[in-house]
Amino acid sequence: MSHWLEDAERNATGRKLSDKEERIRQKMLRVQENYTGVKAQYDEFISGLYTLVNRANTLPGERRKLFGMIDARPRSSKLDNQLNILSSSRKLEPRKLFGFLPPLFPAQMRMVRAVFISVSDKPGMISIEFKEKRTRKRRDNGIHEHYRGGIHVLYSFKAESLSRELSLEIIDWLAFSTELKDLTYIQSHTGKTRIINTD
């Protein structure tokens, strides 16, 4: 009589992929095909964006007062879509009771902004996702609370639209020097916009 482990391994090798696994595999293949076509433009854009992030992070402290530091890093994903995440945050002043009294339960408020850039599964397209969220950390018990709402918008760009102007607008938004609705290059060059949530 064979051991259960051997039976499970034998069944796993002959197992057919489920529909969901097959869809993920097909999407991953489409992403890889797209990446081979847009690799030069995408890698040049990401490299330029990382250069701008490094320049912003080396500014003197008083110029970075609003955003502190911008974090930028690549991230592996199931689809292998060359995901890059850029984020920043700033401290918000707590509201005062009746305009002059401090709050009863002091809390540290933060506004967090993040940009997710990845290769799409559609030919010649790049996905750029913008998220903004408010968080609060109570000082009396240290519990983090996330507010509902915020901003979550997904844009699709043609690879030829990736430019220095787009990089500068992303840095401006992460540095809290402009709002999403004021980013003119993004609004005029986007292929498709999907608004998931707005404040």
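For the structure itself, consult the block above.
Residues numbered from 1 in each chain as written. Predicted model: local features only at pLDDT ≥ 70, side-chain atom pairs only at ≥ 80, totals over all residues. Heavy atoms only, no water.

Caption draft 1: Structural context of helix α2 (residues 19-57). End to end, α2 covers just 45 Å across 39 residues, shorter than the expected 57 Å (1.5 Å per residue, more than 12% under). The sharpest bend along α2 comes to roughly 75 degrees, located at Val38. When we look at burial in α2, the residues that qualify are Val31, Asn34, Tyr35, Val38, Tyr42, Phe45, Ile46, Leu49, Leu52, Val53, Ala56 and Asn57. (Helix = DSSP H or I, 4+ residues; strand = E, 2+ residues; numbered from the N terminus. Expected span 1.5 Å × (residues − 1). Bend = angle between axes of the 7 residues up to and from the residue. Buried < 20%, exposed > 50% of the residue type's maximum accessible area, 1.4 Å probe, protein only.)

Caption draft 2: Main features of the nonpolar core. With 37 residues, the main nonpolar core has Ile117, Phe130 and Ile170 as its most contacted residues. At the level of secondary structure, the elements contributing two or more residues to this core comprise α2, β3 (107-119), β4 (125-138), β6 (151-158), α3 (164-174) and α4 (184-189). With ten residues, α2 is the single largest residue contributor to this core. Once residues lying within four places of it in the same chain are set aside, the contact partners of Ile117 are Tyr42, Phe45, Ile46, Leu49, Gln82, Leu83, Asn84, Leu86, Ile126, Ser127, Ile128 and Ile170. (Core = buried A, V, L, I, M, F, W, Y, C linked by side-chain atoms within 4.5 Å. Contact = heavy atoms within 4.5 Å.)

Caption draft 3: The environment of Tyr42, seen in detail. Within the secondary structure, Tyr42 sits in helix α2. For the pair Tyr42 and Leu162, spaced 120 residues apart in the sequence, the C-alpha separation amounts to 7.5 Å. Those residues within four positions of Tyr42 in sequence are excluded, and the remaining contacts are Tyr35, Asn81, Gln82, Asn84, Ile117, Ser118, Val119, Ile126 and Leu162. At 3.2 Å, the side chain of Tyr42 and the backbone oxygen of Ile117 are in polar contact. (Polar contact = N/O pair within 3.5 Å; in protein donor to acceptor, adjacent residues only side chain to side chain.)

Caption draft 4: The arrangement of the pattern of salt bridges in detail. Here the structure, examined in full by the defined rule, presents seven salt bridges. The residue Glu22 makes a salt bridge to Arg25 at a minimum N-O spacing of 3.1 Å. Residue Glu22 and its partner Arg25 are both found in helix α2; the two are separated by three residues, about one turn of the helix. Its relative accessible area of 33% is what places Arg25 among the partly exposed residues. A network of salt bridges, in which partner residues are shared, links Arg30, Asp121 and Lys122. (Salt bridge = Lys/Arg side-chain N within 4 Å of Asp/Glu carboxyl O.)

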